[in-house]
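# A look at the structure
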There are 2 protein chains.
Amino acid sequence: MTTDDSRTDSTTDSPAPSPSAPAGLAATVAAHWTATEARDWAALAATLAEDMVYELPQTRERIRGKEAFLRFYREYPGDWHVRVDRLVADGDQVATWVHARVGTEEMHAVTFFTGDAQGRITAISDFWPEPYEPPAGREHLTERY
Amino acid sequence: MTTDDSRTDSTTDSPAPSPSAPAGLAATVAAHWTATEARDWAALAATLAEDMVYELPQTRERIRGKEAFLRFYREYPGDWHVRVDRLVADGDQVATWVHARVGTEEMHAVTFFTGDAQGRITAISDFWPEPYEPPAGREHLTERY
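Residues numbered from 1 in each chain as written. Chains lettered and ligands numbered in written order. Predicted model: local features only at pLDDT ≥ 70, side-chain atom pairs only at ≥ 80, totals over all residues. Heavy atoms only, no water.

### What about the relation of the copies chain B and chain A?
Superposing chain B onto chain A takes a rotation of 180° plus a shift of 0.0 Å along the axis, which leaves an RMSD of 0.0 Å. Here the symmetry operator amounts to a two-fold rotation axis. Taking C-alpha positions as the reference, the residue of chain B nearest the rotation axis is P129 of chain B, at 2.0 Å. The fraction of interface residues of chain B whose copies in chain A are also interface residues reaches 98%, indicating that both copies meet through the same surface. (Least-squares fit on C-alpha atoms with pLDDT ≥ 70 in both. Contact = heavy atoms within 4.5 Å.)

### Focus: the sheet that holds strand β7 (residues 143-144) of chain B
If you walk across this open sheet you meet the 7 strands as β3(A)-β4(A)-β5(A)-β6(A)-β1(A)-β2(A)-β7(B), and the pairing is mixed. The open sheet has two free edges, formed respectively by β3 (80-90) of chain A together with β7 of chain B, since each of these has just one partner strand. Where strand β4 (residues 93-102) of chain A meets strand β5 (residues 105-115) of chain A, 10 bridges bridge the pair, whose relative direction is antiparallel. Note that in β5 of chain A the partner of W97 of chain A across the bridge is V110 of chain A. Helix α2 (residues 25-38) of chain A contacts β1 (48-56), β3, β4, β5 and β6 (121-127) of chain A of the sheet and is inclined by roughly 175° relative to β3 of chain A. (Pairing = 2+ DSSP bridges. Helix = DSSP H or I, 4+ residues; strand = E, 2+ residues; numbered from the N terminus. Axes fitted to C-alpha atoms, helices over the stretch in contact; angles between N-to-C directions.)

### What about the interface of chain B and chain A?
Facing 47 residues of chain B, the contacting portion of chain A comprises 49 residues. If you sort the residues of chain B by the area they bury against chain A, F112, L141 and Y145 of chain B come out on top, with a joint share of 17%. If you look at where chain B meets chain A, you find 6 salt bridges. E143 of chain A serves as the salt-bridge partner of R62 of chain B, at 3.0 Å between the closest nitrogen and oxygen. Joining chain B to chain A, the criterion identifies 24 residue pairs in polar contact (both at pLDDT 80 or more). Contributing elements (two or more residues each) for the side of chain B that touches chain A: β1 (48-56), β2 (61-64), α3 (66-75), β3 (80-90), β4 (93-102), β5 (105-115), β6 (121-127) and β7 of chain B. When its residues are assigned to classes, the side of chain B that touches chain A shows 23 nonpolar, 9 polar and 15 charged. (Buried area = accessible area lost by both parts, 1.4 Å probe. Salt bridge = Lys/Arg side-chain N within 4 Å of Asp/Glu carboxyl O. Polar contact = N/O pair within 3.5 Å; in protein donor to acceptor, adjacent residues only side chain to side chain. Nonpolar A, V, L, I, M, F, W, Y, C, P; charged D, E, K, R; others polar.)

### A closer look at a negative patch on the surface
A surface patch of negative charge is lined by E105 and E130 of chain A together with E105 and E130 of chain B. Note that E130 of chain B resides in the loop between β6 and β7. Residue classification places E130 of chain B among the exposed positions, given a relative accessible area of 52%. (Patch = residues over 30% accessible without salt bridge, like charges linked within 9 Å, V, L, I, M, F, W, Y side chains within 5 Å. Areas by Shrake-Rupley, 256 points an atom, 1.4 Å probe, with all protein chains shown as cover. Lys, Arg positive; Asp, Glu negative; His and termini not counted. Charge placed at Lys NZ, Arg CZ, Asp CG, Glu CD. Buried < 20%, exposed > 50% of the residue type's maximum accessible area, 1.4 Å probe, protein only.)

### A short note on the confidence of the model for chain A
All names here are of chain A. Residues with a pLDDT of 70 or more make up 84% of chain A, whose mean pLDDT is 87. Predicted confidence is poor over residues 1-22, with pLDDT under 50, and the contacts of this stretch with residues over four places away or in other chains come to 40 contacts. Here the predicted complex carries an ipTM of 0.84, next to a pTM of 0.84. (pLDDT = per-residue confidence, 0-100.)

### Here's the deal with the pairing of β5 of chain A
All names here are of chain A. In terms of burial, β5 is largely enclosed, as 8 of its 11 residues are buried. Here β4 folds back onto β5, and the loop between the two strands holds 2 residues, one of which, G103, carries a positive phi near 60°. Connecting β5 to the next strand, β6, in antiparallel fashion are 5 residues, including G119 with a positive phi near 75°.

Put into structure tokens, the structure is as follows:
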């Protein structure tokens, strides 16, 4: 796992989002995660287009609109924490790899963002891959870490 | 299972993408998935640095080196097919969202690639998020699709 990307380090002390250009989606997404970790719902709202859509492909759930999305996050149970380990930005698309923690439970989240011309988030697709035991038969090729 | 193991020959005489610049990682990764779907092991090998590392964070398995990685893919069971739905490229990093199919089973794969100065892949982190049932209590915010 790669955590040495200095580009993601700035997300921990990133200022309030003021996205203003298409190229700004990387900064918007960094601010998005910073605001999420801080439960700063006003700052989080500022990263989102009004009619944004949030999807969870694993459950096939969809949330339409900024207000419903913010409520989903506000109501999400548990003392959760998120930290951006990787952020890959490409014009109006960004992918992030986030380390999430709820108590002693640690998880990965992988998220694809799409932005508009103002650098605000219009679509989020969020994956929460769970740990599993490797199938037998490939121990000759793998090590565990 | 369709294994085209007649092609498990030398990986050195590949017809190959010849990525030559850091910006070429997007093309390398596209070629990587095309070669994977085609079981074109020589072309796949050409996308990889010799000492590349492959990791599956969900199982905490790690495979070291191009040859072991190629063998892992060659030996992978099932009549699997992959199609790239999204590719996000950012210098020496690329993230992809791949639709995978094995028979009637459909899956998502999310993969982070790191490249070297020659545009070859040095590290792959591969996630295979599985479907799950949504927890109760958020039906007021979500629709299913």
